[in-house]
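Architecture at a glance
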Amino acid sequence: MAAKNGASSIEKEQIFGMAEKEMEYRVDLFNRLTQTCFQKCIEKRYKESELNMGENSCIDRCVSKYWQARYLELQTFVTNLVGQLLGSNRPPM
């Protein structure tokens, strides 16, 4: 019974470790998204306390394109990984 509790404790540590890595990844992704779109869309000299219509539209498009790009990156990565695991360099059909 002690062995079961020990394994359960190790499993919990692994789960918490994976959750921590996932959180770090998401925070990093959010920070890169914010930095990229801020640099692209927000004027260096603030004129108003709120975003103007142009900045708001730019940020909306930037965020959308950023997520599309990350999705395509992930698709490419998974396709390549599956191809490697199957022992071929072409994507599976």
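The rules behind each value
Residues numbered from 1 in each chain as written. Predicted model: local features only at pLDDT ≥ 70, side-chain atom pairs only at ≥ 80, totals over all residues. Heavy atoms only, no water. UniProt positions renumbered as here; feature names shortened; annotations may be inferred. Helix = DSSP H or I, 4+ residues; strand = E, 2+ residues; numbered from the N terminus. Buried < 20%, exposed > 50% of the residue type's maximum accessible area, 1.4 Å probe, protein only. Patch = residues over 30% accessible without salt bridge, like charges linked within 9 Å, V, L, I, M, F, W, Y side chains within 5 Å. Areas by Shrake-Rupley, 256 points an atom, 1.4 Å probe, with all protein chains shown as cover. Salt bridge = Lys/Arg side-chain N within 4 Å of Asp/Glu carboxyl O. Core = buried A, V, L, I, M, F, W, Y, C linked by side-chain atoms within 4.5 Å. Contact = heavy atoms within 4.5 Å. Lys, Arg positive; Asp, Glu negative; His and termini not counted. Phe/Tyr/Trp six-rings, centres within 6.5 Å; stacked < 30°, edge-to-face > 60°. Lys NZ or Arg CZ within 6 Å of the ring centre and 35° of its normal. Disulfide = S-S within 2.5 Å.

- An unreviewed UniProt entry lists the chain under the name Mitochondrial import inner membrane translocase subunit, with Musa troglodytarum given as the organism.
- The UniProt entry for the chain carries the following text under Sequence similarities (unreviewed entry): "Belongs to the small Tim family."
- Heading Subunit (unreviewed entry) of the UniProt record for the chain holds this comment: "Heterohexamer."

**Description of the overall build of the chain**
- Per the secondary structure count, the chain includes two helices and zero strands.
- Scored against the burial criterion, the 93 residues of the chain give a buried share of 12%.

**A word on a nonpolar patch on the surface**
- Side chains of Leu74, Phe77, Val78, Leu81 and Leu85 sit close together on the surface and give an oily, nonpolar patch of about 500 Å² of accessible area.
- Mapped onto the secondary structure, Leu85 falls in helix H2 (residues 53-85).

**Some thoughts on the nonpolar core**
- Leu29, Leu33, Cys37, Cys41, Cys58, Cys62 and Tyr66 together form the largest nonpolar core, which totals seven residues.
- Those elements giving two or more residues to this core turn out to be helix H1 (2-41) and H2.
- Here this core gets four residues from one element, more than from any other, and that element is H1.
- Contact partners of Cys58, with chain neighbours within four places excluded, come to Lys40 and Cys41.

**Observations regarding the side chain of Glu55**
- Position of Glu55 among the secondary structure elements: in helix H2.
- Nearest to the buried, unbridged Glu55 among oppositely charged side chains is Lys47, at 7.8 Å.

**As for the packing of aromatic side chains**
- Applying the stated rule across the entire model yields one aromatic pair.
- With a centroid separation of 6.3 Å and 85° between ring planes, the pair formed by Tyr66 and Trp67 is classed as edge-to-face.
- Overall, Tyr66 belongs to the buried group, its relative accessible area being 9%.
- Given the relative accessible area of 41%, Trp67 is considered partly exposed.
- The ring centre of Tyr66 lies 4.4 Å from the NZ or CZ of Arg70, which sits over that ring.

**So, the state of the cysteines**
- The full count for this structure, using the stated rule, is two disulfides.
- In this model Cys37 forms its disulfide with Cys62; the gap between the sulfur atoms is 2.1 Å. Measuring handedness by torsion sign, the sulfur bridge of Cys37 and Cys62 sits at about -90° and is left-handed. Residue Cys37 is located in helix H1, and its partner Cys62 is located in helix H2; the two are separated by 25 residues in the primary sequence.
- At a sulfur-sulfur separation of 2.1 Å, the disulfide partner of Cys41 is Cys58. Measuring the twist about the S-S bond at about -70°, one finds the Cys41-Cys58 disulfide to be left-handed. Within this pair, whereas Cys41 is found in helix H1, its partner Cys58 is found in helix H2, the two being separated by 17 residues in sequence.
- Taken in N- to C-terminal order, the disulfide-linked cysteines of the chain are connected 1-4, 2-3.

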